[in-house]
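Single-letter residue listing:
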Protein chains: 2
Amino acid sequence: MTYAEVFTALADPTRRSILEALRDRPRTVGELAAEQPVSRPAVSQHLRVLELASLVTAEPQGNRRLYSVKREGLDELRQYLESFWSETLSAYGAEIARRVGGGNTKS
Amino acid sequence: MTYAEVFTALADPTRRSILEALRDRPRTVGELAAEQPVSRPAVSQHLRVLELASLVTAEPQGNRRLYSVKREGLDELRQYLESFWSETLSAYGAEIARRVGGGNTKS
DNA sequence: CATTAAGGTAAGTAAATACTTACCCACTAT
DNA sequence: ATAGTGGGTAAGTATTTACTTACCTTAATG
């Protein structure tokens, strides 16, 4: 899993909607599909993408599969953002702080 | 600008590559295009998307436009991640901590 | 002024992707 | 065993989207 897959996964509104539904409580595929404006197979396909991005996990329960959110994917993303920003700072240095700080205080 | 646009913007590898180039130092469109495997107009189009997502800003300098990274977009994203996770926790509660903490202890 | 350089926009194309229906397999229960 | 339910997968379609070339406008330079 890489942050690339996480970005891809979260770029789609339906997938975000599914993930936000799971945020409240774990759900089965059928439950999720009932809430979404798309077909059940579509939801299955979205869940596969979310799973590959480590944003959800499935737990088989007899006949059904219970999906819940997983932390890894979001962690990966947070990590990317952090390192991105810190590298920006170390490159631009005080320059950027002045420029984007929210108004030029130096002038 | 919403987090949705930020996710969309960062989902594309070329756009991430452009943004990562800008992370080192501000650059003109021509410079960026020279580094990327795509044409200059393509870069222009990507820059528009990045700008709409508040990930970059352009500063006209005579004939050229100097692009640099902007904090807003990434901030929006960080905020989304934070609130997402905190809402997950308040819903799942200790449940999730146990479940994803690194193995099911209950079974 | 005429020319060159920089870069945004338009229009069209090709590739990716989000959907659909149809099908199939695994469990549950009669 | 046989329905019935839940859900993954296949195959095809339609929409998005990332790219291209061609064009146009603005700024620097002879």
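Shown above is the structure to which this text applies.
Since we're looking at a predicted model, the values are computed, not measured.

J.: Pulling in residues and values, what's your account of the protein's contact with DNA strand D?
T.: Taken together, 23 residues lie near DNA strand D, and A:Gly30, A:Ser44, A:Arg65, B:Ser39 and B:His46 sit nearest. The sugar-phosphate share of atoms of DNA strand D within 4 Å of the protein amounts to 64%. Within the side chain of B:Arg15, a nitrogen or oxygen atom sits 3.0 Å from a phosphate oxygen of DNA strand D. The separation between a phosphate oxygen of DNA strand D and a polar side-chain atom of B:Ser39 is 2.5 Å. Taken together, the residues of the surface near DNA strand D sort by class into six nonpolar, eleven polar and six charged.

J.: Tell me about the interface of chain A and chain B, and name the residues and values.
T.: Taken together, the contact between chain A and chain B spans 32 residues of the former and 34 residues of the latter. With both chains or domains summed, chain A and chain B bury close to 3,200 Å², and 67% of this area falls on carbon and sulfur atoms. One can count two salt bridges joining chain A with chain B. Its salt-bridge partner being B:Glu87, residue A:Arg23 comes within 3.6 Å of it at the nearest N-O pair. Across the contact surface, chain A and chain B share two residue pairs in polar contact (both at pLDDT 80 or more). When residues of the side of chain A that touches chain B are assigned to their parent elements, the largest contribution, twelve residues, is made by helix H5 (residues 71-92) of chain A. Classifying every residue of the side of chain A that touches chain B gives 19 nonpolar, three polar and ten charged.

J.: Can you tell me about helix H2 (residues 13-24) of chain B, naming the residues and giving the values?
T.: Because each turn of an α-helix spans 3.6 residues, side chains separated by three or four positions in sequence point in the same direction. All names here are of chain B. Taking 1.5 Å of rise per residue, the twelve residues of H2 would be expected to cover 16 Å, and the 17 Å separating its terminal C-alpha atoms lies within 8% of that figure. Thr14, Arg15, Arg16, Ile18, Leu19, Ala21, Leu22 and Arg23 are the residues of H2 that are buried. You can read the cap of H2 off the contacts: a side-chain oxygen lies 3.1 Å from the backbone nitrogen of Thr14, and it is on Asp12.

J.: Please set out the relation of the copies chain A and chain B residue by residue, giving values where relevant.
T.: The two copies are related by a screw motion: chain A maps onto chain B through a turn of 180° and a shift of 0.0 Å along the axis, at an RMSD of 0.0 Å. Between the two chains, the operation in question is that of a two-fold axis. An overlap of 100% is found between the interface residues of chain A and their copies at the interface of chain B, pointing to a shared contact surface.

J.: I'd love a proper account of the sheet that holds strand E3 (residues 64-69) of chain B, names of residues and values included.
T.: Residue and element names in this part refer to chain B. Strands sit in the order E1-E3-E2 across an open sheet of three strands; the sheet is antiparallel. Both edges of this open sheet fall to strand E1 (27-28) and strand E2 (56-61), since each of them pairs with a single strand only. Looking at chain direction, E2 and E3 are connected through six bridges and run antiparallel. Its bridge partner lying in E3, Gln61 is registered against Arg64.

J.: Go over the protein's contact with DNA strand C, please, and point to the residues and values.
T.: By nearness alone, 23 residues border DNA strand C, and A:Ser39, A:His46, B:Gly30, B:Ser44 and B:Arg65 come closest of all. The contact atoms of DNA strand C, taken as those within 4 Å of the protein, divide so that sugar and phosphate hold 56%. In this structure, a base oxygen belonging to DNA strand C sits 3.1 Å away from a side-chain N or O atom of A:Gln45. Contact between DNA strand C and B:Arg40: a base oxygen at 3.0 Å from a side-chain N or O atom of the residue. When contributions to the surface near DNA strand C are tallied by element, the ones reaching two or more residues are helix H2 (13-24) and helix H4 (40-52) of chain A together with helix H3 (29-35), helix H4 (40-52) and E3 of chain B. A breakdown of the residues in the surface near DNA strand C according to their chemical character gives six nonpolar, eleven polar and six charged.

Definitions and cut-offs
- Residues numbered from 1 in each chain as written.
- Chains lettered and ligands numbered in written order.
- Predicted model: local features only at pLDDT ≥ 70, side-chain atom pairs only at ≥ 80, totals over all residues.
- Heavy atoms only, no water.
- Near = heavy atom within 4 Å.
- Polar contact = N/O pair within 3.5 Å; in protein donor to acceptor, adjacent residues only side chain to side chain.
- Nonpolar A, V, L, I, M, F, W, Y, C, P; charged D, E, K, R; others polar.
- Contact = heavy atoms within 4.5 Å.
- Buried area = accessible area lost by both parts, 1.4 Å probe.
- Salt bridge = Lys/Arg side-chain N within 4 Å of Asp/Glu carboxyl O.
- Helix = DSSP H or I, 4+ residues; strand = E, 2+ residues; numbered from the N terminus.
- Expected span 1.5 Å × (residues − 1).
- Buried < 20%, exposed > 50% of the residue type's maximum accessible area, 1.4 Å probe, protein only.
- Least-squares fit on C-alpha atoms with pLDDT ≥ 70 in both.
- Pairing = 2+ DSSP bridges.

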